[in-house]
Amino acid sequence: MSDKEIWVIAEYDEKGIKKNTWESVSAARLLSEHLKLKPAVVILGNGIQRFAEELSKEVELVYSIEHLLLSKYDSNAYVSSIYSLIKDKKPAIIIASATFRGKDYIPMLSAKLDCGLISDCVGFEVKDTILFKRAVYGGRLMAAVMYEGAELLIVTIRPRSFEHRKIETAKGEIIQFKPNLEQNDILVAVREIIKEVGKRPDLSEADIIVSGGRGMKGAENFKLLEELADILGGAVGASRAVVDEGWMPHLFQIGQTGRVVSPMLYIACGISGAPQHLAGMSTSKCIVAINKDPNAPIFKIADYGIVDDLFKVVPVMIQEIKSEGTRNDKGGIFAWKMLL
Amino acid sequence: MKIIVCVKEVPDTAIALKIKSDSTEIETENIPWVINPYDEYAMEEALRLKERFGGNVTAITVGRKRAENILRNCFALGADRALIINGESFKDNLAVSKILTKVIKNMGYDVILCGKESVDYGYAQTGQIIAGLLRIPCVSAIKKLDISPSTKEAVCHREIEGGLEVVKCSLPAVFTAQKGLNVPRYASLSGIMKAKKTKIETLEPDALDLNLSNYKAKIKIINLSYPPKRPEGKIIQGTLPDTAKELVRSLREARYI
Ligand SMILES: Cc1cc2nc3c(=O)[nH]c(=O)nc-3n(C[C@H](O)[C@H](O)[C@H](O)COP(=O)(O)OP(=O)(O)OC[C@H]3O[C@@H](n4cnc5c(N)ncnc54)[C@H](O)[C@@H]3O)c2cc1C
Ligand SMILES: Nc1ncnc2c1ncn2[C@@H]1O[C@H](COP(=O)(O)O)[C@@H](O)[C@H]1O
């Protein structure tokens, strides 16, 4: 193995290291095998010792960039901190998650380094060289792209595109790094965070999404989908028609001008299946459609369909699931995912 | 207030696309082109800023001659100036961002608005790169923008997973527009008539004094393909409650629930 490194930049929240970071670590391992690179993780923040330790259980090398001015996220502070570490260590590839945060600062970092950036990658293909796969034209086509530059490459990875394969390594080394930051390096100051999803998982992390369209007929009826989502431990989504009607905030919109999701199970209720909606969910592992119109295009991509009134179908489903419980109640969602 | 909006033309979002025989590009003959949906929110926000605080709005695109249509549309909505940079030879997004930066730098700016992402290649990086190169703040995926011209400050709502962040930055700055920022207006008839007569300025890259070696593509698409077809689905036949029960049973058997 060469001493050139491949880095993953970690994300975390109060619950710990985020799932998308572990997925990136697994993606980095795949690349590192082919390119003979040494995997490492970079974490930024203030008071992040426990996160660095969590990372070191699975990764051999952790760079912990700590500074008081990194207590809250700011793109410029992130960029200049990571930049100085890059100048010092000269990694070959950097991987970050294509989350709202990754999408925010990573392009600025690439501008500062004048390096290549492949964003929102969903897979690799190894030929004589590595081809990076991305969805283009709202998922209507797939592109295989090649990096032609000689220097550092940055790749952002769409959440849920790679599976986290847990590897327990010997305790990894944690290297502290103190960036040179001053108050006026903070260009975008975060004042407040407003949570909109409550206790349900965010759409990009949910294993199951129950989604409603115009067929829901009104905001009040989303209670039904929330009940189904809650017994499945899932999230609730919506079509644009629903958002435009004001029944749900835009945060829940799935599709070309909303979120792109890829859950294990997507249950579409009263959604017709317009191309712009499919753009956001057609890579779901299993798609269920409930629609009273047998000709609705959603049925063309559904694995299971029921042609009937959703207001009659969903309550039976809820009752049926409640009566026998879910795998979720037994071994936790990860336990059953491993069985697939 | 000097407001600049970057706009891009993209194939209509509903049509089926065909891949050319060289398999690196799509067939572009006779397909409908539209302004990138997120750029409509950027344009609308620019017009609202102008209406509130005065100033002017310039729409810029790097593209083919055909992209004049979307600039005309911007005029019809109320832009004061529109500029197209002939970008046929620039396939790389980083190169396009550098060109936009160069042009914007020469024009002066207080607020630069982009879309959150273009729905053709979906890079979601241009606005952030422009800000990075200009060394000014950037707030991406905004859903609300409040500007105070006297203090030259902006407070925005930026989308994050599961919610919003309320952030503050100083001007000049780049903002990228997320859906929800506003509801774009339609062009008025008089606007459309006026736009027909307005002149769109064209710039050839040669006139920009670019050092072309800095604009070489770093990323190359070597193949386009259709996504794998999903296997034929199954409509569960019968009547309620049997159908719903059968669905739950199937999902349980396949270990989805
Ligand atoms: C630029 C652009 C971007 C767009 N981006 C998005 C996007 O990001 N996401 C998105 O979703 N759309 C997007 N759209 C809109 C898209 O084209 C469709 O208009 C939208 O997806 C339709 O939403 P819908 O399926 O909920 O509504 P409809 O198309 O009205 O379908 C409602 C469905 O509900 C069924 N139904 C009604 N009552 C019942 C009942 N009781 N039981 C069962 N079924 C019932 C009907 O049969 C029908 O099929 C975009 C459009 C454009 C032009
Ligand atoms: N060729 C272009 N000309 C003008 N603006 C562009 C161009 N490409 C991208 N943009 C702007 O950058 C935004 C994000 O695009 P992208 O980074 O390609 O996803 C778009 O919504 C536009 O506002």
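We now turn to the structure provided with this report. None of the values given here were measured: they were computed from a predicted structure. (Residues numbered from 1 in each chain as written. Chains lettered and ligands numbered in written order. Predicted model: local features only at pLDDT ≥ 70, side-chain atom pairs only at ≥ 80, totals over all residues. Heavy atoms only, no water.)

### Re a nonpolar patch on the surface
All names here are of chain B.
And then number 1: A grouping of Leu189, Ile192 and Met193 is seen on the molecular surface, where their side chains present a nonpolar patch of about 300 Å² in accessible area.
And then number 2: Counting through the fold element by element, Ile192 comes out in helix α5 (residues 189-197).
And then number 3: Among the residues examined, Ile192 registers a relative accessible area of 35% and is labelled partly exposed. (Patch = residues over 30% accessible without salt bridge, like charges linked within 9 Å, V, L, I, M, F, W, Y side chains within 5 Å. Areas by Shrake-Rupley, 256 points an atom, 1.4 Å probe, with all protein chains shown as cover. Salt bridge = Lys/Arg side-chain N within 4 Å of Asp/Glu carboxyl O. Helix = DSSP H or I, 4+ residues; strand = E, 2+ residues; numbered from the N terminus. Buried < 20%, exposed > 50% of the residue type's maximum accessible area, 1.4 Å probe, protein only.)

### Quick notes on the sheet that holds strand β10 (residues 153-157) of chain A
And then number 1: Strands sit in the order β11(A)-β5(A)-β4(A)-β1(A)-β6(A)-β10(A)-β7(A)-β8(A)-β9(A)-β12(B) across an open sheet of 10 strands; the sheet is mixed. Strands with a single pairing partner mark the edges of an open sheet, and in this sheet they are β11 (173-177) of chain A together with β12 (219-225) of chain B. Put simply, the sheet's adjacent strands are angled 35° from each other on average, direction ignored.
And then number 2: For strand β7 (residues 116-126) of chain A and β10 of chain A, the ladder comprises four bridges, and the chain directions are parallel. Counted as the bridge partner of Cys121 of chain A is Ile157 of chain A from β10 of chain A.
And then number 3: Relative to the sheet, helix α4 (residues 100-113) of chain A contacts β1 (5-9), β6 (93-97), β7 and β10 of chain A, its axis offset from that of β10 of chain A by approximately 170°. (Pairing = 2+ DSSP bridges. Axes fitted to C-alpha atoms, helices over the stretch in contact; angles between N-to-C directions. Contact = heavy atoms within 4.5 Å.)

### Structural notes on the packing of helix α3 (residues 75-89) of chain A against α4 of chain A
When two helices pack together, you describe them by how their axes are tilted relative to each other and by the distance separating the axes.
Residues and elements named next belong to chain A.
And then number 1: The N-to-C vectors of α3 and α4 enclose an angle of 50°; their axes lie 9 Å apart at closest approach. Classified by the angle between their axes, α3 and α4 sit oblique to one another. With respect to the hand of their crossing, α3 and α4 are arranged in right-handed fashion. Note on element contacts: α4 touches α3 through Arg101, Asp104, Tyr105, Met108, Leu109, Lys112 and Leu113, opposite Ser75, Tyr78, Val79, Ile82, Tyr83, Ile86 and Lys87.
And then number 2: In the contact of α3 with α4, the residues fall into nine nonpolar, one polar and four charged. (Parallel < 35°, antiparallel > 145°, perpendicular 65-115°, else oblique. Left-handed = near helix turned anticlockwise from the far one by under 90°. Nonpolar A, V, L, I, M, F, W, Y, C, P; charged D, E, K, R; others polar.)

### Description of α4 of chain A
Note: α-helices contain 3.6 residues per turn, so residues at a spacing of three or four share the same orientation.
Residue and element names in this part refer to chain A.
And then number 1: Between its first and last C-alpha, α4 extends 21 Å over 14 residues, near the 20 Å set by a 1.5 Å rise per residue.
And then number 2: By the criterion of burial, α4 is predominantly enclosed, with 11 of the 14 residues buried.
And then number 3: Among the residues of α4, those classed as buried are Phe100, Gly102, Asp104, Tyr105, Ile106, Pro107, Met108, Leu109, Ser110, Ala111 and Leu113.
And then number 4: Backbone geometry just after α4 places Asp114 at a positive phi near 50°. (Expected span 1.5 Å × (residues − 1).)

### A few points about the site of ligand 1
And then number 1: Taken together, 28 residues surround ligand 1, and among them Ser239, Thr257, Ser272, Gln276 and Asn291 of chain A come closest.
And then number 2: Ligand 1 is flanked by residues contributed from chains A and B.
And then number 3: At 2.6 Å from an oxygen atom of ligand 1 is found a side-chain nitrogen or oxygen belonging to Ser239 of chain A.
And then number 4: Between ligand 1 and His277 of chain A there is a distance of 2.8 Å, counted from an oxygen atom to a side-chain nitrogen or oxygen.
And then number 5: Burial of ligand 1 by the protein chains amounts to 78% of its free accessible area of 980 Å².
And then number 6: Contributions of two or more residues to the shell around ligand 1 are made by α6 (240-245), α7 (275-278) and α9 (310-324) of chain A.
And then number 7: Per-class residue counts for the shell around ligand 1 are seven nonpolar, 14 polar and seven charged. (Near = heavy atom within 4 Å. Polar contact = N/O pair within 3.5 Å; in protein donor to acceptor, adjacent residues only side chain to side chain.)

### Points about the sheet that holds strand β15 (residues 265-269) of chain A
And then number 1: Pairing is parallel across the open sheet formed by six strands, whose spatial order is β14(A)-β13(A)-β15(A)-β16(A)-β17(A)-β13(B). Looking at which strands have only one partner, the edges of the open sheet turn out to be β14 (235-238) of chain A together with β13 (234-235) of chain B.
And then number 2: Inspection of the sheet shows strand β16 (residues 286-291) of chain A paired to strand β17 (residues 304-307) of chain A by four bridges, in the parallel sense. Looking at the pairing, Val288 of chain A lines up with Tyr304 of chain A of β17 of chain A.
And then number 3: Running over the sheet, α9 of chain A touches β15, β16 and β17 of chain A and is turned about 130° from β16 of chain A.

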